Amino acid sequence: MTAKETKYDIVIVGAGVGGICAALAAARLRRSVLLVEEMKEIGGTGVHSAVSLICMFRDKNGRPINNGIHRELFPQAYTVGKGLFDVEETVPTYDEKELKEKYEALLKAEPLIAVWTDCKVTGVVTETDKIVSITVAPGEGEPVSVNGDFFLDATADGNLSAMAGAEFQIGREEDGKLQTATVTFKMTGFDPSKLQNSRIATWGGIRSLRQELTVHYKQLKEEGGTRNPRPSVLCFPYPDGRGILFNSTAVTDVDPTSAESVAAGMREGTEQALQLAEAVKRHPAFAEAEVEFVAPKLGVREGRRVIGDYVLTADDCLNARKFDDMVAACAYSLDIHDPLGGGAKLVKIGDPGYYHIPYRALIAKGRKNLLLSSRCISGTHEAHSSYRVMSGVSAIGEAAGTAAALAVWSKANDARDVSAARIRYVLQAGGQFVEGDVEKVTLK
Ligand SMILES: Cc1cc2nc3c(=O)[nH]c(=O)nc-3n(C[C@H](O)[C@H](O)[C@H](O)COP(=O)(O)OP(=O)(O)OC[C@H]3O[C@@H](n4cnc5c(N)ncnc54)[C@H](O)[C@@H]3O)c2cc1C
């Protein structure tokens, strides 16, 4: 813990990309923020599950539609390529250790943010349609009760909202199944000169590498050497070109709301990872390669989707729908990792290549001071498969933190009393991409 106060203007639960962007946005508007994280270290999925790719954040013409804090986190991606996936274009990726350091530096620069790690939120006190306080259980010591004016659910799986009794959905409509979970891992020490295309930092090079490695992976499957249901190898280059991140294991039927199910998923995913690494080492370029690390946290793609004042749909995404109350935008395809394990299916966003995320999808239905600030915003299973990536979630977090700070500044009783035009005014001033009218805000 870094502070002992038990009242903050804004309380954010979950220190992944959504929670961190929200905390930064709110504190930069001079409101006091508590960021609570159950793990011993901040970073969430993007750090501890090591995901690598800086997913598409540009429209069809190459114009970035997630600037703002996303650009502070991943400046390198704004200078490489135009997201055309051309064979010669550099694959925009990041190193999870560097991202964690960036998060820490940005949070440290804000004196109004208190970060409590190794602290799990275990309970919520509500009064009719508002959260009054949360119970925070530290790894060691007594639980603490913390009050706030506005609360943000940045837990990815909607854990805070569920504790607050908010409505949610989970899984796809037909059978409740979720996208597969993955244990990623990194390999180093390979020899690119032994590859058909040694330029693995480009799209052409990494695609060629995947094909070469899939031959050995298929052989492993034919031998019965793995239960991994994926049909092929998916991997990405590290920015320095010396490491490869394998995002290529697939665990079905993980229930993210059950600790036992997540632990079992981690065991299965780790086994698949080590089996795949052995298959990769059959390629002459990888004969001397080593597994540098296996991600310490199971990568869970999907959990609860909290019902908000609007439910974003696949049609909204694919038809590049615009909303009057937009507060964020997303350009990433629908990307569903088959719940039965059959690989990923990508469907591109229609022209001009991005859609709006409305403020209403960030407000938990029937709750006045609960905002959604991670991949648990209000949307269908299909829509979620798009905005769940870090470009989408960083914009969602920045918008949620800004909305909460404006709500506190204006002493609003309800998040709905803050207009999207005001949120956009502030977001735009911070460099974020917005569309629609803006309404000037003076903070005194
Ligand atoms: C295997 C995999 C590969 C992916 N690949 C990519 C990719 O290449 N590019 C990309 O952009 N995106 C990718 N994604 C998606 C993306 O990484 C995540 O959707 C995104 O990082 C989620 O951010 P978040 O802030 O919503 O949640 P998280 O980063 O998961 O953060 C939620 C945090 O809340 C904490 N928390 C939960 N409950 C509590 C509680 N009760 N008390 C306190 N803390 C709590 C958790 O410990 C966690 O740190 C991938 C995801 C997976 C799983």
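Small disclaimer: the values here were computed from a predicted structure and weren't measured.

Draft legend 1. Fine view of the site of the ligand. In the region of the ligand, 35 residues are neighbours, and E37, T45, L53, R388 and M390 sit closest. Note that an oxygen atom of the ligand is positioned 2.7 Å from one of the side-chain N or O atoms of T45. A distance of 3.0 Å separates a nitrogen atom of the ligand from a polar backbone atom of V121. Protein chains bury 97% of the 1,000 Å² of accessible surface belonging to the ligand in isolation. Elements supplying a minimum of two residues to the shell around the ligand: helix 1 (17-28), helix 2 (45-48), strand 4 (119-127) and helix 10 (390-409). Among the residues forming the shell around the ligand, the class breakdown is 16 nonpolar, 12 polar and seven charged.

Draft legend 2. Focus on the environment of K348. Topologically, K348 is positioned in the loop between strand 15 (344-347) and strand 16 (355-358). It is 7.0 Å that separates the C-alpha atoms of K348 and L318, two residues lying 30 residues apart in sequence. Setting aside residues up to four positions removed in sequence, K348 forms contacts with L318 and S333.

Draft legend 3. Region of interest: helix 10. Taking 1.5 Å per residue, 20 residues should reach 28 Å; helix 10 reaches 28 Å between its end C-alpha atoms and fits that length. Of all 20 residues making up helix 10, 20 are buried, and the element is well covered by its neighbours. One or two residues past the end of helix 10 sits K411, with phi positive at roughly 55°.

Draft legend 4. Fine view of unusual backbone geometry. Backbone torsion omega between D351 and P352 reads 5°, so that peptide bond is classified as cis. The topology assignment puts P352 in the loop between strand 15 and strand 16. The backbone of R30 shows a phi angle near 65°, a positive value even though the residue is not glycine. Position of R30 relative to the elements: it lies in the loop between helix 1 and strand 2 (33-36). Here the phi dihedral of T128 falls at roughly 40°; this positive angle occurs in a residue that is not glycine. Among the secondary structure elements, T128 is positioned in the loop between strand 4 and strand 5 (130-138).

Draft legend 5. Molecular detail of the sheet that holds strand 8 (residues 185-188). Sheet architecture is open: four strands sit in the order 9-10-8-11, paired in antiparallel fashion. The open sheet has two free edges, formed respectively by strand 9 (235-237) and strand 11 (290-294), since each of these has just one partner strand. When strand polarity is set aside, the average angle formed by the axes of neighbouring strands in this sheet is 25°. Against the sheet, helix 6 (residues 203-222) touches strand 9 and strand 10 (243-246), its axis set at about 140° to strand 9.

Draft legend 6. Focus on the domain arrangement of the protein chain. Once the domains are mapped, the protein chain shows domain 1 (7-172 + 303-429) and domain 2 (185-294). If you look at the interface, domain 1 gives 27 residues, while domain 2 gives 21 residues. Each partner contributes to the roughly 1,900 Å² buried at the junction of domain 1 and domain 2, and carbon and sulfur atoms together form 59% of this total. For domain 1, the biggest contributors to the area lost against domain 2 are F85, V91 and G341; these three give 23% of the whole. The interface formed by domain 1 and domain 2 includes one salt bridge. The salt bridge partner of R199 is E88, with a shortest N-O separation of 2.6 Å. Here domain 1 is connected to domain 2 by nine residue pairs in polar contact (both at pLDDT 80 or more). The class makeup of the residues in the side of domain 1 that touches domain 2 is 11 nonpolar, eight polar and eight charged.

Draft legend 7. View of the pattern of salt bridges. According to the stated counting rule, one finds 29 salt bridges in the structure shown. The partner of E268 in a salt bridge is R227, and the shortest N-O contact between them spans 2.6 Å. Of the two residues, E268 is situated in helix 7 (residues 259-280) and R227 in the loop between helix 6 and strand 9; the sequence distance between them amounts to 41 residues. The class of R227 is exposed, set by a relative accessible area of 54%.

Draft legend 8. Just the packing of helix 1 against helix 10, in detail. Axis separation between helix 1 and helix 10 bottoms out at 7 Å; the angle between their running directions is 35°. Relative to helix 10, the crossing made by helix 1 is right-handed. Facing helix 1, whose interface residues are V17, G18, C21, A22, A25 and A26, helix 10 presents M390, V393, S394, G397, E398, G401, T402 and A405. Class assignment of the residues belonging to the contact of helix 1 with helix 10 gives a composition of eight nonpolar, five polar and one charged.

Draft legend 9. A look at the pairing of strand 1 (residues 7-13). Among the seven residues in strand 1, six count as buried, and that is most of the element. Across six bridges, the pairing between strand 1 and strand 6 (residues 144-153) is parallel. Paired with V13 across the two strands is D153, which belongs to strand 6. Across four bridges, the pairing between strand 1 and strand 2 is parallel. Pairing of V13 across the sheet is with V36, part of strand 2. Handedness of the crossover is the feature at issue here: the chain leaves strand 1, passes through helix 1, returns alongside strand 2, and the resulting connection is right-handed.

So, how was this worked out
Residues numbered from 1 in each chain as written. Predicted model: local features only at pLDDT ≥ 70, side-chain atom pairs only at ≥ 80, totals over all residues. Heavy atoms only, no water. Near = heavy atom within 4 Å. Polar contact = N/O pair within 3.5 Å; in protein donor to acceptor, adjacent residues only side chain to side chain. Areas by Shrake-Rupley, 256 points an atom, 1.4 Å probe, with all protein chains shown as cover. Helix = DSSP H or I, 4+ residues; strand = E, 2+ residues; numbered from the N terminus. Nonpolar A, V, L, I, M, F, W, Y, C, P; charged D, E, K, R; others polar. Contact = heavy atoms within 4.5 Å. Expected span 1.5 Å × (residues − 1). Buried < 20%, exposed > 50% of the residue type's maximum accessible area, 1.4 Å probe, protein only. Pairing = 2+ DSSP bridges. Axes fitted to C-alpha atoms, helices over the stretch in contact; angles between N-to-C directions. Domains from an automatic or database assignment. Buried area = accessible area lost by both parts, 1.4 Å probe. Salt bridge = Lys/Arg side-chain N within 4 Å of Asp/Glu carboxyl O. Left-handed = near helix turned anticlockwise from the far one by under 90°. Right-handed = clockwise from strand over helix to strand, strands pointing away.

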